[in-house]
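Next come the chains, spelled out residue by residue.
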Amino acid sequence: MSSKVDVQAIDALNNMRVGLIQYKSGAEDALRRMEVAIQEVQNYLTEREVYWRSQVARLQEKYEQANRNLRSCTEKTGYAPRYSQSPTTSYDEIQKIVVDTQRKLTEAQNKVDEIKRWRRQVEQYAEEYRRQAQQTLTFLDGEIPKATSLLKQWIQQLESYIQISSSPMGSSATHTVQTTTADTDFPLSTDKIEDIPLAQIDWENIEPLTPKDYKKVPYNEMRAGLLKLQQVVKPQIELGATEDDFMLMDDEQGLEYAHGYHRIYEAFYGRDAIAVEKVGEKYRVLNGRHRLLLAKELGWESIPARIVFVSRSNTGD
């Protein structure tokens, strides 16, 4: 398998992994927005029902009062006079109020009944939706992380294969480790990333650099990356953030990889992490001297790095 094919396979797997992560985030966001919309509809219907019930109560009281006024006019005269006892309100006007109020009362009651029917229907739909939404969430929380984790393992295995196959030792050596670095020809056994004190770095074997010596990544860009590590990435890592979280953060903020937080994660906690070897009480730098020198220049006391064991003996097949 050629390196070009390997890289294409890694890109394809990484794109699939990113796609799954984005799908999970998008689906969860859509479910949340749908739940909010359902709540808004239910709240609106509840509010309308309260309003129309109050209208029914008000109109019922008005209707009863109008009827009492009408009866009062009739009882005093023994018949329905043309004018009521009130000097300002005629009998016909009171009768018109009774009829008009009764009509409005019926309409208000119909509104209450109609809203109650809508509420029952919405509650039924909401109950069915929430049942299906919960099934979807269970799938998203269970299966998608498994798939992304598996894809991540495949990507790491392919990356390890490319690194080992490109080593000067070729395929004849037996490698019991997973990664190599550009600064050494020795296979490396990796451990977890941890903060190491800069005071314990073996600075005697590291030549000082000027901003012009930062070729691969310009000085100012690397400095900005260290500040992102200090201000965002490292605090989030300490709170439990994972690589997926930084990929999502970039996606949500519309950041390209070159300017995103995922790149910073990979540079300090991922495949491109600083690599050092513990020699006595000192750390010999295997990879990442530019970042270490810049961290020292910024006055940092420690920095994330991968402590590795360098095996200098290889057994042939």
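Please refer to the structure placed before this passage.
First things first, this report covers the structure right here in the doc. Remember, predicted model here, so these are calculated numbers, not experimental data.

## Digging into the nonpolar core
Part 1 of the argument: Judged by nonpolar contacts, the single largest core of 33 residues is most densely connected at I196, L198, I201, F268, V276, L292 and I303.
Part 2 of the argument: Those elements giving two or more residues to this core turn out to be helix 3 (219-238), helix 4 (243-253), helix 5 (261-268), strand 4 (282-287), helix 6 (289-297) and strand 5 (302-310).
Part 3 of the argument: Counting residues in each nonpolar core, the second largest holds eight residues, with A27, I38, L140 and I144 among its members.

## Quick word on the packing of aromatic side chains
Part 1 of the argument: Per the counting criterion, the structure on display carries four aromatic pairs.
Part 2 of the argument: On the numbers, 5.1 Å between centres and 75 degrees between planes, the contact of Y51 with W52 is edge-to-face.
Part 3 of the argument: Of the residues examined, Y51 reaches a relative accessible area of 34% and is grouped as partly exposed.
Part 4 of the argument: On the basis of an interplanar angle of 20 degrees and a centroid distance of 5.9 Å, the ring pair of Y265 and Y269 is categorised as stacked. Grouping residues by exposure puts Y265 and Y269 together as buried.
Part 5 of the argument: Positioned above the aromatic ring of Y261, the side-chain terminus of K228 is 5.5 Å from the ring centre.

## What to know about the pairing of strand 4
Part 1 of the argument: Pairing analysis gives five bridges linking strand 3 (residues 275-279) to strand 4, with the strands arranged antiparallel. Each bridged residue has a counterpart across the sheet, and for V276 the counterpart in strand 4 is V285.
Part 2 of the argument: Linking strand 3 to strand 4, which pair antiparallel, is a turn of two residues; within it G280 sits at a positive phi near 65 degrees.

## Notes on the pattern of salt bridges
Part 1 of the argument: Within the structure shown, the criterion is met by 18 salt bridges.
Part 2 of the argument: Of the charged contacts in the structure, one is a salt bridge between K24 and E28, with a shortest N-O distance of 2.8 Å. Of the two residues, K24 and E28 are both situated in helix 1 (residues 3-77); the distance of four residues between them amounts to about one turn of the helix. The same class applies to K24 and to E28, which are both buried.
Part 3 of the argument: The partner of E123 in a salt bridge is R119, with the nearest N and O atoms 3.8 Å apart. Here the residue E123 and the residue R119 both occupy positions in helix 2 (residues 91-165), the gap between them amounting to four residues, near one helical turn.
Part 4 of the argument: Its relative accessible area of 39% is what places E123 among the partly exposed residues.
Part 5 of the argument: Its relative accessible area of 25% is what places R119 among the partly exposed residues.

The rules behind the values
Residues numbered from 1 in each chain as written. Predicted model: local features only at pLDDT ≥ 70, side-chain atom pairs only at ≥ 80, totals over all residues. Heavy atoms only, no water. Core = buried A, V, L, I, M, F, W, Y, C linked by side-chain atoms within 4.5 Å. Buried < 20%, exposed > 50% of the residue type's maximum accessible area, 1.4 Å probe, protein only. Helix = DSSP H or I, 4+ residues; strand = E, 2+ residues; numbered from the N terminus. Phe/Tyr/Trp six-rings, centres within 6.5 Å; stacked < 30°, edge-to-face > 60°. Lys NZ or Arg CZ within 6 Å of the ring centre and 35° of its normal. Pairing = 2+ DSSP bridges. Salt bridge = Lys/Arg side-chain N within 4 Å of Asp/Glu carboxyl O.

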